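Each chain, written out:
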Amino acid sequence: MSEGSLISQRFGIHQARIGRDFVIHFYGSSLQKFLGIDADINTAKSSDVLPEIVGIERIINTIIDGGSRETSIKRINRIVDGPLPAEVFFDLFIINDDRGDDTAALVIRDVTGETLIRQSLQQRRNEIHLLQQDLSEKNIQLMKSQKELRELNKGLEKAVDNRTRELKESIEFSRRLFSQTVNSLMSALEKRDPYTAGHQQRVALLAEAIGRELGLSEHAIEGISVASRLHDIGKIYVPSEFLTKPLGLSEAEFTVIKTHSSVGFDILRDIEFPWPVATIILQHHEKCDGSGYPFGLKGEEILLESKIVTVADVVEAMATYRPYRFSSSIESALEEIEMNSGILYGENVVKTCISLFRKKGFKWNA
Ligand SMILES: [Fe+2]
Ligand SMILES: [Fe+2]
């Protein structure tokens, strides 16, 4: 084997010659080995060892004649027999190399390595393409899910908004209904005793103002307002002629009138107010020194709310016309509570009430 042939093999080139009879003349043994045939044979019919040539015989003759320079068949693929059958790829060239011996050069270039690399690259590219496709489908799915989620969220937000609005409306309605009920109860009493019409409402206005001035919470002030508007509800059980009597009441009649705070308690005790309304009413005629009724409670035993209602009640009653007494003035009402501050009435409450009238200009609207 020549040196040139070794180099050729190294670069995957195998050579032979082909004649007009389409018989292949081998030299060396590299092409035989490459094609997986007996290395000792020198000639072979091309249709036996390279059937790819069948069909291009006329072109081969034209090349041998010098009418054409070369032809080629690319990427021929075959399984070569051997101890280990192997798949090979090769390009086949028929070339006129001007030997003038009625043959042409037959050159085989082994492209197995690069073809396999190319195939594997293509396979990798296909895999990547599939992965990208999968990824993009997942992305689309994700975007769809996100959109669905956003829509779901929007729906939820809307439902929560609607429910919140309904709830607010329902709370507003309940508050209105509650306030209307309290006012109805209030006017039920005042229907029997027209002289005290508006008394409880005015007591409520003053008691709320005292509570606010004392820094009580809005919730506590609301409780004081409700208790004030109902504080004399127990008088519903007192005969109306006692209530409207122009002159002094007998002791027996006064005893009946005095039941109104416990009767008020009994009427309201089973209502689940969020404030101690019934107890505030029960204690609204108690006095700090224990001289009040029904229990003669003292100082700290009396609820602050009751002390507030008591002061507002006394001031309103004294400042307003009553059948059994001519109207005194607000000033004499304030003098009365000031004189009895800490004795009958809570000191802080009295101080706050006086400051409301004298310094803050508190007035009941006409
Ligand atoms: Fe009363
Ligand atoms: Fe009263």
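Residues numbered from 1 in each chain as written. Chains lettered and ligands numbered in written order. Predicted model: local features only at pLDDT ≥ 70, side-chain atom pairs only at ≥ 80, totals over all residues. Heavy atoms only, no water.

Chemist: Account for the packing of aromatic side chains, with residues named and values stated.
Modeler: For the structure shown, the criterion picks out six aromatic pairs. Measuring from ring centre to ring centre gives 5.2 Å for Phe357 and Phe362, while their planes differ by 75 degrees; the resulting arrangement is edge-to-face. Residue Phe357 is classed as buried on the basis of its relative accessible area of 11%. For the ring pair Phe362 and Trp364, a centre distance of 5.7 Å and an interplane angle of 85 degrees mean the geometry is edge-to-face. Taken as a pair, Phe362 and Trp364 share a single burial class, namely buried. In textbook terms, an aromatic cluster arises when at least three aromatic residues are bridged by ring pairs, as seen for Phe178, Phe273 and Trp275. (Phe/Tyr/Trp six-rings, centres within 6.5 Å; stacked < 30°, edge-to-face > 60°. Buried < 20%, exposed > 50% of the residue type's maximum accessible area, 1.4 Å probe, protein only.)

Chemist: Could you give an account of unusual backbone geometry, naming the residues involved and the relevant values?
Modeler: Following Tyr293, the chain continues into Pro294 via a peptide bond in cis, with omega recorded as 10 degrees. In the Ramachandran plot, Arg75 falls in the positive-phi region, its phi being about 55 degrees despite a non-glycine side chain. Checked against the element boundaries, Arg75 lands in strand β4 (residues 70-80). Notably, Asp102 is not glycine yet its phi reads approximately 60 degrees, a positive angle. Inspection of the secondary structure puts Asp102 in the loop between β5 (86-95) and β6 (103-110). (Helix = DSSP H or I, 4+ residues; strand = E, 2+ residues; numbered from the N terminus.)

Chemist: A description of the coordination of the iron ion (ligand 1) should follow, citing residues and the corresponding values.
Modeler: Here the iron ion (ligand 1) is held by the protein donor atoms Asp232 (OD), His260 (NE2), His284 (NE2) and His285 (NE2), which lie 2.2 to 2.3 Å from it. Considering all four donor atoms around the iron ion (ligand 1), angles at the metal cover 83 to 167 degrees and the coordination shape is irregular. All donors of the iron ion (ligand 1) come from a single chain, and their spacing in sequence reads D-x27-H-x23-H-H. His260 gets classed as buried once you look at its relative accessible area, which sits at 1%. (Donors = N, O, S within 2.8 Å, 3.2 Å for Na, K, Ca; no water. Tetrahedral: all angles 85-135°; square planar, octahedral: opposite > 155°, others 65-115°.)

Chemist: Tell me about the nonpolar core, and please be specific about residues and values.
Modeler: Counting 39 residues, the largest nonpolar core has Leu206, Val311, Val315, Ile337 and Cys353 as its most contacted members. Among the secondary structure elements, those contributing two or more residues to this core are α6 (199-213), α7 (218-230), α11 (277-282), α12 (304-319), α13 (330-339) and α14 (347-358). Of the residues forming this core, the biggest block, eight residues, is contributed by α12. Leaving out residues up to four positions away in the same chain, Cys353 has contacts with Leu206, Ile210, Val311, Val315, Leu334 and Ile337. (Core = buried A, V, L, I, M, F, W, Y, C linked by side-chain atoms within 4.5 Å. Contact = heavy atoms within 4.5 Å.)

Chemist: Give me the sheet that holds strand β3 (residues 43-45): which residues, what numbers.
Modeler: Taken in spatial order, the six strands of this open sheet run β3-β2-β1-β6-β5-β4, and their pairing is antiparallel. At either margin of the open sheet sits one strand with a lone partner, and together these are β3 and β4. On average, each strand axis in the sheet is inclined to that of its neighbour by 30 degrees, with strand direction left out of account. Where strand β1 (residues 13-19) meets strand β2 (residues 23-26), three bridges bridge the pair, whose relative direction is antiparallel. Each bridged residue has a counterpart across the sheet, and for Ala16 the counterpart in β2 is Phe26. (Pairing = 2+ DSSP bridges. Axes fitted to C-alpha atoms, helices over the stretch in contact; angles between N-to-C directions.)

Chemist: Could you give an account of helix α10 (residues 260-268), naming the residues involved and the relevant values?
Modeler: Every buried residue of α10 is listed here: His260, Ser261, Val263, Gly264 and Leu268. Down the axis, α10 shows its buried residues gathered within 160 degrees of arc, on one side only. In this fold, the buried residues of α10 make contact with α7, α9 (251-258) and α11. (Arc of directions from axis to C-beta.)

Chemist: An account of the coordination of the iron ion (ligand 2) is requested, with residue identities and associated values reported.
Modeler: The textbook angles at a metal center are 109.5 degrees for a tetrahedron of four donors and 90 or 180 degrees for an octahedron of six. Taken together, the protein ligands of the iron ion (ligand 2) are His199 (NE2), His231 (NE2), Asp232 (OD) and Asp313 (OD), with distances of 2.2 to 2.4 Å. The distance between the iron ion (ligand 2) and the iron ion (ligand 1) comes to 3.6 Å, and Asp232 binds to both of them. With His199 in helix α6 and His231 in the loop between α7 and α8 (240-243), this pair connects stretches of sequence that are 32 residues apart. Both residues of the pair, His199 and His231, count as buried.

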